[in-house]
Structures are given as C-alpha cells and as structure tokens.
Number of protein chains: 2
Amino acid sequence: MGDPLLLQNQLCFPLYAAAKETVRCYRAYLDPLGLTYTQYIAMMALWEHKKMTISEMGRLLYLDSGTLTPMLKKMEQAGLLMRTRSATDERNVEITLTDAGWELREKAMHVPSGMAQFVNLEPGEVIQLYHLLYKLLDQEVCKR
Amino acid sequence: MGDPLLLQNQLCFPLYAAAKETVRCYRAYLDPLGLTYTQYIAMMALWEHKKMTISEMGRLLYLDSGTLTPMLKKMEQAGLLMRTRSATDERNVEITLTDAGWELREKAMHVPSGMAQFVNLEPGEVIQLYHLLYKLLDQEVCKR
DNA sequence: ATAATTTCAATTGTGTACAATTGAAATTAT
DNA sequence: ATAATTTCAATTGTACACAATTGAAATTAT
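Structure report, in brief.

Cut-offs and rules
Residues numbered from 1 in each chain as written. Chains lettered and ligands numbered in written order. Predicted model: local features only at pLDDT ≥ 70, side-chain atom pairs only at ≥ 80, totals over all residues. Heavy atoms only, no water. Near = heavy atom within 4 Å. Polar contact = N/O pair within 3.5 Å; in protein donor to acceptor, adjacent residues only side chain to side chain. Helix = DSSP H or I, 4+ residues; strand = E, 2+ residues; numbered from the N terminus. Nonpolar A, V, L, I, M, F, W, Y, C, P; charged D, E, K, R; others polar.

Re the protein's contact with DNA strand C
Taken together, 32 residues are adjacent to DNA strand C, and A:Tyr16, A:Ser55, A:Arg83, B:Thr36 and B:Gln39 come closest. Each atom of DNA strand C within 4 Å of the protein belongs either to a base or to sugar and phosphate, the latter forming 78%. Residue A:Arg24 places a side-chain N or O atom 3.3 Å away from a phosphate oxygen belonging to DNA strand C. Take B:Arg91: an N or O atom from its side chain is 3.4 Å from a sugar or linking oxygen of DNA strand C. When residues of the surface near DNA strand C are traced back to their parent elements, those giving at least two are α1 (12-30), α3 (54-61), α4 (65-77) and β2 (81-85) of chain A together with α2 (37-49) and α4 (65-77) of chain B.

Listed below in structure tokens is the structure:
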C-alpha cells in the first residue's frame, strides 16, 4: 500500500474534499432560495416529517444543538419555521414550518435535478457510491 | 426514484454526513498530537512536498486563503512551520516545516492504521469508494 | 416520595470554510 | 515601456460544526 501518510493513500481526504466541493456547488441553486446547504437539509427534514424536535433533527442530520439552535433561530427570524416548547415535555422544542416554509418547497423542487448535472457518474456508480457511503456512515460510531 | 426532495433520495447527504463523522472520529487520534483534521492534511501535504506556497497547498487541499492564512499562522505560532515571502516572487508565501514539524511525523505514523478500524468495509469496497470519490471530485468544477 | 441520573436545548469557546474585496507584485498585451 | 490584466496572500463578514458546560425538566432507582 506504501506510505500511509500520503494524501493519495487516504480514503478520508477525497471524502472530505468531495463533500466540501459538492456543498459548495449547491450554492448556485440555494443562494436564490436564501438557504445554505445545512438549512436546506433541515428544510428537507421538515418537509418530510412536518414536525420535529431539535434532538430528533440532530439525530437525523448528524448535527448537535450547538449548530442547530442558532441556525433554527435564524430560520425562524427569516419566517420559514416556528419554534415552540412542547407542552407535554418542556425540555423539547418542536419545529414546524410556516406557510412560507411550505411554499419554499415548490421553489426547491428543481434543486436536485440541477445539482445532478455536476455528478457525471454512471447511474450504477451513483447507486454504488450511495450504498458505500451509508455503509460507512452506519458503522462509524466513535461514541457521540 | 420517487420524491427528489427526500433526504434518503439524495447522494449529497450521506457524502456530507459521512465526511463530517469521519473527520470527527479523527479527533481521538489527532487531539493528542495537537492537530485538527485540516491541520493534519496540511502537515501531510508538507511532509510530502517539503516546501509549498499557500496557493499550491490550496489547490491540493481544495482550500482557499481565507481558510489557510489564519490556520497556517496558528501553526507557525505553534512552532510547526515557517512562513516566508518568496525572494523570487514576492506574491508567494512559502511554507516549510520546522524540526518540530518533522518530528510530529513520527507521532502521526500510527494515525492512519488507528482510523482504519472505524472503516469496516471490505478491502474491495474501500478501493471502489476511493475511485468513485475521486471521479466525483475530478468532475465537480463549478468554477472556483 | 425523594434522590440520582438522564435528557434536552442553550450557551461558550475554538476552529474551520468560503465569498468578496483589497492592494501589492508579476505577467501579458499593445 | 507602459497600460491592462492576472495572480497572490491577506482581510472582512457570514455561517457552520462540535466539545464542553449549564440548568431546567423528566425519568429511573431506591
């Protein structure tokens, strides 16, 4: 395998760089919507689940309250969602979408197909990559 | 394929999350060395190339001066490297390692094998993933 | 029932990331 | 040779990202 301390012999480096570049490419599509990539996946989570607590969203998106709390407050200010203390368990803050948050879904519909043009992989390769990434993600559990 | 605005139908999300989790897992090995992951790949670049300008490092690591300049200054403060204006082209800042920077290489030798335990993929899968990530990375050129 | 523990969101502090801009230095065009 | 352009590192401003801590609320243990 050769010298393990060479970038070209590391699996993590292309993973790190490809993720970063891909997120950067999203800007062309997300800037017009006024969303960052992290805000976009938070919106996707809410479009699907309609209502989530911050910790549920954190488990789904692999993010913690230190990231989510300030970001969700910003998105509340922007009128996309509402943050409400749960009546049944006051530790939880429930996130729900406003009308504007739901309307943004229509404008976001074209984002995935637009981004797909940057990914010039064969359909089979996309599926392979998808499964390998989830296999890696599911195994990686250095506590948390 | 179904609804494109579902997280589970997106390629980018597992890429983003797996990269983030992998970098987070590095902490267990890098904290004792006093390095962050980004500093670690900068050190790897320097261990290999011995001398680099900031822009060369930026092209190699997919990072810009806004990230590298303050980080390299911090690493200079920590005694790992030196920053010198090039005599032949004063626009360039050349980065070279100090003795301490070279000595850290010995302590970093065990990092890749330690990290490998988090990646429970078949050897063939690792190679597949590696090639797919580089294929994705090489194609993704939304200017810059 | 009360004490010990756990869960939760928020906060604090540090460290990336990157777009956009700046100003000096080098290269290219005329 | 000089002007226009390009390259480079640094700076500014915004936005994550996460470890560690805090304090309130809920759950569990005794």
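Re the protein's contact with DNA strand D
Around DNA strand D there are 31 residues in total, and A:Thr36, A:Thr38, B:Tyr16, B:Ser55 and B:Arg83 lie nearest to it. Backbone atoms, meaning sugar and phosphate, form 79% of the atoms of DNA strand D found within 4 Å of the protein. In the model, a base nitrogen of DNA strand D is placed 3.5 Å from a nitrogen or oxygen of the A:Gly66 main chain. Measuring from a sugar or linking oxygen of DNA strand D, one finds a side-chain N or O atom of B:Asn92 at 3.2 Å. Secondary structure elements with two or more residues in the surface near DNA strand D: α2 (37-49) and α4 of chain A together with α1 (12-30), α3 (54-61), α4 and β2 (81-85) of chain B. The residue makeup of the surface near DNA strand D, split by class, is six nonpolar, twelve polar and 13 charged.

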